[in-house]
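The lines below spell out each chain.
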Amino acid sequence: MKVVNDNSCGWINDLDKRANIKTLVKDQSCDWLIVGAGYTGLSAARKLSEIHPNQKIIIVDAQLAGEGASGRNSGYLVDTTLNDGFISNKDLSNYKKKTDIYRLGIDVVKKFIKEHQVDCEWNESGKYFASSNQKDRKILENFSKTLLKLNFEHDILEKDDLGKRLGTNFYNIALYTKGGILLHPGKLVRAMIDILPNNVELLENSQLNKWSKNSDTIICKFKNHKITTKKIIFCTNGFLKSLGIKNNYNFPLTLTASMTRPLTDTEYKSIGEPKEWGVLPVRPMGATIRMTKDKRILIRNTAEAHNPFKMSKLDLENRSFKQKLGVKKRFPNLPYDIIESSWSGVVSRTRNGSQIFEKIDGNIYVAGCYNGSGIGVGALFGEQIAIKASNEHTKEIETIELRNKPTWLPPQPFLDLGVKTRLIYERIRARLEI
Ligand SMILES: Cc1cc2nc3c(=O)[nH]c(=O)nc-3n(C[C@H](O)[C@H](O)[C@H](O)COP(=O)(O)OP(=O)(O)OC[C@H]3O[C@@H](n4cnc5c(N)ncnc54)[C@H](O)[C@@H]3O)c2cc1C
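Remember, predicted model here, so these are calculated numbers, not experimental data. (Residues numbered from 1 in each chain as written. Predicted model: local features only at pLDDT ≥ 70, side-chain atom pairs only at ≥ 80, totals over all residues. Heavy atoms only, no water.)

**Q** Just checking my understanding: could you explain the overall build of the protein for this structure?
**A** Secondary structure assignment for the protein yields 12 helices and 18 strands. Since a compact globule built from 434 residues should have a radius of gyration of about 22 Å, the 21 Å found for the protein is in line with a globular shape. For the protein, the spread of C-alpha atoms along the principal axes amounts to about 65 × 50 × 45 Å. A total of 434 residues make up the protein; the buried ones form 58% of that total. Surface summary for the protein: the accessible area is close to 19,400 Å², and the carbon and sulfur share equals 50%. Looking at the protein, you have 67 positive and 48 negative side-chain charges, and the mean spots of the two groups are 4 Å apart. (Helix = DSSP H or I, 4+ residues; strand = E, 2+ residues; numbered from the N terminus. Rg over C-alpha atoms; globule rule 2.2 N^0.38 Å. Buried < 20%, exposed > 50% of the residue type's maximum accessible area, 1.4 Å probe, protein only. Areas by Shrake-Rupley, 256 points an atom, 1.4 Å probe, with all protein chains shown as cover. Lys, Arg positive; Asp, Glu negative; His and termini not counted. Charge placed at Lys NZ, Arg CZ, Asp CG, Glu CD.)

Now the structure itself:
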């Protein structure tokens, strides 16, 4: 199976086309091979080159670097994610471990953009967990108690206030967190590609098909050539399973998103000229919706167990149609047909929502499975897995390793059945918020 992406992602189409794209054209050997050039793989490559300036490092990607989920996400660099309140101190301590990792993720991205003067439309605007359903008030009040205990600044906001801030009367209640950043995901990942150091060789449109370990080396087979490496780091996130990595601990989910054209001045005035904002749903299957810096509206309201290798044009159009309805529901006065681009992307999930960060074997490492927090956590895990694979230790690794480990998943066909049933159930619960 070949990784095939649509070429209609609004974020990626904002960027200049890249030149000098290299692919694997001969057999090679190296000290380090990184598979997957998204936030995780690129951050791992950057860190490895710093630790081992004289070693040969190759990073490969099945498609163009950064054009997987890293260039296609909704651009929320999160400090908190929503959980339905906590009943015990153990739950609270687990939530704290999660947010400690988010904080480190924000620090890594912040340091990166400062050091390399990256313009990725960074906006410390905070974010809203919003709902049109008054029944969700209880969830937000419980969440507020958790955030209070952990000292996260936040407010509960009501319909009128939300209408003024967001330019839509759709939402009845929200919890606003001051922390959390909105950014342009494509610009961020492009900067990570642009600054790759000279001792890192990036090979694109080069898909790893099979790999095997032979005493101390790993042999990686591509379409026409092979790479033999001393150490390997898998950073393929939604495609870990297709390479046989942690098979019983992760599964891919396909998300689709759409973005409108920029609103005209008249349209923007008609919704009250709100500043840039980002809303996350209270229920997992509700819509993520964003007003971008340049007045485009982004909406993501699907998550599915779909073939991760390809979404057909027709499938994408069907999802885009639902997103058109989602925008119309929130902004009834805007024209119906303002969606300019729709795309899909693949993420990876574990059963308990925890991430994978691990040495699988003496010279085989893996980092991935961040659900909706991969911008910060991916950048963090990429750097730290490179450090771990170099047999060094940091406080960050200690924090990461304190998290709950991913739990075991049932085999097929039970897994598919379980995932699909759960998604249907969550979709019904969130039906008003899609
Ligand atoms: C629509 C959408 C919205 C999202 N919103 C957010 C958000 O707002 N905030 C947030 O933090 N996260 C969000 N995410 C999740 C986030 O994008 C991911 O967690 C993050 O990009 C993971 O980065 P990564 O580098 O680990 O994986 P990816 O970016 O998926 O990179 C993996 C790379 O591996 C390559 N690959 C796969 N198989 C092979 C192979 N066999 N050989 C070679 N290369 C291979 C792929 O081509 C890909 O480029 C969203 C994701 C999607 C799809």
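Here the narrative resumes, following the displayed structure.
**Q** Just checking my understanding: could you explain the pairing of strand β14 (residues 288–291) for this structure?
**A** Consecutive side chains of a regular strand alternate in pointing toward one face of the sheet and then the other. What you see with β14 is no split at all: T288 and R290 on one side and I289 and M291 on the other are buried throughout. Where strand β13 (residues 277–281) and β14 come together, three bridges link them in antiparallel fashion. Bridged to G278 within β14 is R290. Hairpin connection from β13 to β14: six residues lie between these consecutive antiparallel strands. Note: β14 against strand β15 (residues 297–304), four bridges, orientation antiparallel. Its bridge partner being in β15, R290 is matched across the sheet by L298. Hairpin geometry of β14 and β15 is characterised by an intervening segment of five residues between the two adjacent antiparallel strands and by a positive phi of about 65 degrees at K295. (Pairing = 2+ DSSP bridges.)

**Q** Could you clarify how one ought to interpret the packing of aromatic side chains in this entry?
**A** Pairs of aromatic rings are described using the distance from one ring centre to the other and the angle between the two planes. Applying the stated rule across the entire model yields eight aromatic pairs. With a centroid separation of 5.6 Å and an interplanar angle of 90 degrees, the aromatic rings of Y370 and F381 are classed as edge-to-face. Of this pair, Y370 sits in the loop between β18 (364–368) and α10 (374–389) while F381 sits in helix α10, placing them 11 residues apart in sequence. Assessed through its relative accessible area of 6%, Y370 is described here as buried. Judged by its relative accessible area of 0%, F381 is buried. Ring pairing ties together the aromatic residues Y95, F129 and F143, which thus form one cluster. Lying across the ring of Y249, K246 places its NZ or CZ 4.4 Å from the centre. (Phe/Tyr/Trp six-rings, centres within 6.5 Å; stacked < 30°, edge-to-face > 60°. Lys NZ or Arg CZ within 6 Å of the ring centre and 35° of its normal.)

**Q** Honestly, the site of the ligand in this entry has me stumped. Any pointers?
**A** Contacts to the ligand come from 35 residues, most closely from T40, D61, Q63, S70 and Y76. Interatomic distance of 3.0 Å between a backbone N/O atom of A62 and a nitrogen atom of the ligand. Residue Y76 places a main-chain N or O atom 2.8 Å away from a nitrogen atom belonging to the ligand. Relative to its unbound accessible area of 1,000 Å², the ligand is 98% covered by the protein chains. Only α2 (39–51), α3 (69–72), β16 (339–349) and α10 provide two or more residues apiece to the shell around the ligand. Split by residue class, the shell around the ligand holds 14 nonpolar, 18 polar and three charged. (Near = heavy atom within 4 Å. Polar contact = N/O pair within 3.5 Å; in protein donor to acceptor, adjacent residues only side chain to side chain. Nonpolar A, V, L, I, M, F, W, Y, C, P; charged D, E, K, R; others polar.)

**Q** For this particular structure, what's the right way to read the sheet that holds β15?
**A** Sheet strands pair via backbone hydrogen bonds, and the direction of the pair is either parallel or antiparallel. Taken together, eight strands build an open sheet; the order of strands is β5-β6-β4-β13-β14-β15-β12-β16 and the sheet is mixed. A strand with exactly one partner marks an edge of an open sheet, and here the two such strands are β5 (154–158) and β16. Taken pair by pair, the neighbouring strands of this sheet meet at an average axis angle of 20 degrees, ignoring direction. Across three bridges, strand β4 (residues 127–131) lies against β13 in parallel orientation. (Axes fitted to C-alpha atoms, helices over the stretch in contact; angles between N-to-C directions.)

**Q** Whenever I open this one, the packing of α2 against helix α7 (residues 185–194) confuses me. Can you help?
**A** Relative orientation and spacing of two packed helices are given, respectively, by the angle between their axes and the distance between those axes. The N-to-C vectors of α2 and α7 enclose an angle of 30 degrees; their axes lie 9 Å apart at closest approach. Taken together, α2 and α7 sit at an angle that is classed as roughly parallel. The handedness of the crossing between α2 and α7 is left-handed. Every residue of α7 that contacts α2 at Y39, L42, S43 and R46 is listed here: P185, L188, V189, M192 and I193. Of the residues in the contact of α2 with α7, the class split is seven nonpolar, one polar and one charged. (Parallel < 35°, antiparallel > 145°, perpendicular 65-115°, else oblique. Left-handed = near helix turned anticlockwise from the far one by under 90°. Contact = heavy atoms within 4.5 Å.)

**Q** Whenever I open this one, the pattern of salt bridges confuses me. Can you help?
**A** Side chains bearing opposite charge may pair, as long as their charged atoms lie close to each other. A full pass over the atoms with the stated rule returns 28 salt bridges. One salt bridge in this structure joins D294 and R296, with 3.1 Å as the shortest N-O distance. The network of salt bridges with common partners includes D14, D294 and R296. (Salt bridge = Lys/Arg side-chain N within 4 Å of Asp/Glu carboxyl O.)

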